[in-house]
Amino acid sequence: MRDSPLATTPGKLLDMTGKKGLVIGIANEHSLAWAAARNFHAAGADLAVTYLNDKARPYVEPLVAAIDAPILLPCDVAQDGQLEGVFDTITRIWGQLDFVLHAVAWSPAEDLRGRLTDCSADGFAQAMLVSCHSFIRTAKLAELLMGAGGSLMTLSFLGAERVVDHYGIMGPVKAALESSVRYLAHDLGSGSIRVNAISAGAVRTRAASGIQHFDELISETERKSPLRRTVTADEIGRAALLLASNYTTAITGEIIHVDAGFHVNGMVFH
Ligand code: NAD
């Protein structure tokens, strides 16, 4: 499926000129965070971007160069001090922040592959730390830079609400993330900071390749979703741009499904 030309039309619909945003979670050109970063950049925003570690850096660096992101920093949220280091640098260079996209998820492979009953306490704790608690920490740090209000976004999946075969441990983890979105929206709302999640449809990415039978999930989506297709990364990226912008200043605590409508299905016979 082709990406929309909108992504490469600077400032066509939403003007984010002068807005400063942080994007956490670009691994490569297939990442949903990269699609969002392209859209933020096309609308005129300045971006700080992170990469996981030295192994990931060569994949992220050329992408970041293409969008002229002035800040590129390592950030493994499981390593003490790295997330704080990112915010220290942003404080020093920009002294403010308008939006953050958190597109981070991870679980030990052995805990992801089995039944939920088989997951280890340690694996569950690690998955929660990286995929959920890192968003709570991000919100705490971002609040200090969002004196004029802001938008915090994270990415979730239908498996948080319903059983999706093979999503396993990530179902309860994403459910905790979605609940955190609501509590963070409550906590930060008085400072005009909005907190939302995009519940994305299935897109082939590195993270998705860890889910068994992911191709079947895509074909089920194409067969059963109201739009009879899955989504593109760019469609997720454009929704993120909308949530970052002042077109959505009254939307907070929301889980927005950008999934070609797949979530409305009960039983579908075709
Ligand atoms: P991706 O592999 O491109 O992105 C996942 C990112 O998480 C990577 O950049 C990786 O470096 C990062 N990450 C993992 N552990 C980390 C850590 N310890 N510290 C910092 N970063 C870490 O895959 P994606 O599909 O673009 O995933 C982005 C988000 O979208 C995830 O939250 C995922 O659950 C969610 N999502 C994806 C789909 C899909 O079908 N691809 C659907 C719904 C939601």
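Everything quoted here is computed from the prediction, not taken from an experiment.

Peer 1: Would you take a moment to explain the overall build of the protein chain for this structure?
Peer 2: Helix and strand counts for the protein chain stand at eight helices and seven strands. A globule of 270 residues ought to have a C-alpha radius of gyration of about 18 Å, and the protein chain, at 18 Å, matches this closely. Once the C-alpha set of the protein chain is aligned to its principal axes, its extents read approximately 50 × 40 × 40 Å. For the protein chain, the proportion of its 270 residues judged to be buried stands at 51%. Excluding contacts between residues fewer than 6 apart, the proportion of contacts in the protein chain whose partners are at least 24 apart in sequence is 76%.

Peer 1: How should the site of the ligand be read in this particular structure?
Peer 2: Neighbouring the ligand are 28 residues; Gly25, Ser31, Asp76, Val203 and Thr205 lie closest to it. Measuring from an oxygen atom of the ligand, one finds a side-chain N or O atom of Ser31 at 2.6 Å. Between the ligand and the protein, one listed contact pairs an oxygen atom with a backbone N or O atom of Val203 at 2.8 Å. Alone, the ligand offers 810 Å² of accessible surface; in the complex the protein occludes 92% of this. Taken together, the residues that form the shell around the ligand break down as 20 nonpolar, five polar and three charged.

Peer 1: Please clarify how unusual backbone geometry should be interpreted in this entry.
Peer 2: Across the chain, the bulk of peptide bonds are trans and the bulk of non-glycine residues have phi less than zero. Its identity as a non-glycine residue notwithstanding, Arg228 has a phi of 55 degrees, on the positive side. Considering the arrangement of structural elements, one finds Arg228 in the loop between α7 (214-224) and α8 (233-244). One non-glycine residue, Ala260, lies in the positive phi region at around 60 degrees. Of note, Ala260 is situated in the segment after β7 (255-258). Relative accessible area serves as the criterion here: at 8%, Ala260 is assigned to the buried category.

Peer 1: What exactly am I supposed to notice about the sheet that holds strand β3 (residues 71-74) here?
Peer 2: Sheets are built from strands that pair by backbone hydrogen bonding, the pairs being arranged parallel or antiparallel. The sheet built from seven strands is open, its strands ordered β3-β2-β1-β4-β5-β6-β7 with parallel pairing. Taken across any chain shown, the strands that pair with only one partner, and hence form the sheet edges, are β3 and β7. Going from strand to strand, the sheet's axes swing by 20 degrees on average, the running direction of each strand aside. Bridge analysis of strand β1 (residues 20-24) against strand β2 (residues 46-51) gives four bridges, and the strand direction is parallel. By the bridge assignment, Lys20 is partnered in β2 with Asp46. Against the sheet, α8 touches β4 (99-102), β5 (150-156), β6 (193-200) and β7, its axis set at about 165 degrees to β6.

Peer 1: What is the right way to read the packing of helix α5 (residues 121-143) against helix α6 (residues 170-188) from this model?
Peer 2: How two helices sit against one another is set out by the angle between their axes and by the gap between those axes. Running from amino to carboxyl end, α5 crosses α6 at an angle of 15 degrees, the nearest separation of the two axes being 9 Å. Taken together, the axes of α5 and α6 lie roughly parallel to each other. Here α5 and α6 pass one another in a crossing that is right-handed. The residues of α6 that touch α5, namely those facing Phe124, Ala127, Met128, Ser131, Cys132, Phe135, Ile136, Ala139 and Glu143, are Met170, Pro172, Val173, Ala176, Leu177, Ser180, Val181, Leu184 and Leu188. Split by residue class, the contact of α5 with α6 holds 15 nonpolar, two polar and one charged.

Peer 1: What is the right way to read the environment of Val195 from this model?
Peer 2: By the secondary structure assignment, Val195 is in strand β6. By relative accessible area, which is 0% here, Val195 ends up buried. Along the sequence, Val195 and Leu243 sit 48 residues apart, while their C-alpha atoms lie 9.1 Å from each other. The residues touching Val195, leaving out its near neighbours within four places in the chain, are Phe135, Leu152, Val181, Leu184, Ala185, Leu188, Thr252, Gly253 and Glu254.

Peer 1: How should I be thinking about the nonpolar core in this particular structure?
Peer 2: One broad rule of soluble globular proteins: the nonpolar side chains tend to lie buried together. One finds Val23, Ile26, Phe40, Leu47 and Ile198 to be the most contacted residues of the largest nonpolar core, which totals 39 residues. Elements that contribute at least two residues to this core include exactly α1 (32-42), β2, α2 (57-66), β4, β5, β6 and α8. Among residues more than four places away in sequence, those in contact with Ile26 are Ser31, Ala33, Trp34, Ala37, Val49, Thr50, Val60 and Leu63. Counting 33 residues, the second largest nonpolar core, distinct from the first, contains Leu97, Phe135, Ala139 and Val181.

Peer 1: Quick question: what am I supposed to make of the packing of α1 against α8 here?
Peer 2: With their axes 7 Å apart at the nearest point, α1 and α8 run at an angle of 55 degrees to one another. Taken together, the axes of α1 and α8 are oblique relative to one another. Along this stretch, α1 crosses α8, giving a crossing that reads as right-handed. Packed against α1, whose contacting residues are Leu32, Ala35, Ala36, Arg38, Asn39 and Phe40, the element α8 presents Ala233, Asp234, Ile236, Gly237, Arg238, Ala240, Leu241 and Ala244 at the interface. Classifying every residue of the contact of α1 with α8 by side-chain character gives nine nonpolar, two polar and three charged.

Cut-offs applied
Residues numbered from 1 in each chain as written. Predicted model: local features only at pLDDT ≥ 70, side-chain atom pairs only at ≥ 80, totals over all residues. Heavy atoms only, no water. Helix = DSSP H or I, 4+ residues; strand = E, 2+ residues; numbered from the N terminus. Rg over C-alpha atoms; globule rule 2.2 N^0.38 Å. Buried < 20%, exposed > 50% of the residue type's maximum accessible area, 1.4 Å probe, protein only. Contact = heavy atoms within 4.5 Å. Near = heavy atom within 4 Å. Polar contact = N/O pair within 3.5 Å; in protein donor to acceptor, adjacent residues only side chain to side chain. Areas by Shrake-Rupley, 256 points an atom, 1.4 Å probe, with all protein chains shown as cover. Nonpolar A, V, L, I, M, F, W, Y, C, P; charged D, E, K, R; others polar. Pairing = 2+ DSSP bridges. Axes fitted to C-alpha atoms, helices over the stretch in contact; angles between N-to-C directions. Parallel < 35°, antiparallel > 145°, perpendicular 65-115°, else oblique. Left-handed = near helix turned anticlockwise from the far one by under 90°. Core = buried A, V, L, I, M, F, W, Y, C linked by side-chain atoms within 4.5 Å.

Structural measurements only, silent on function.
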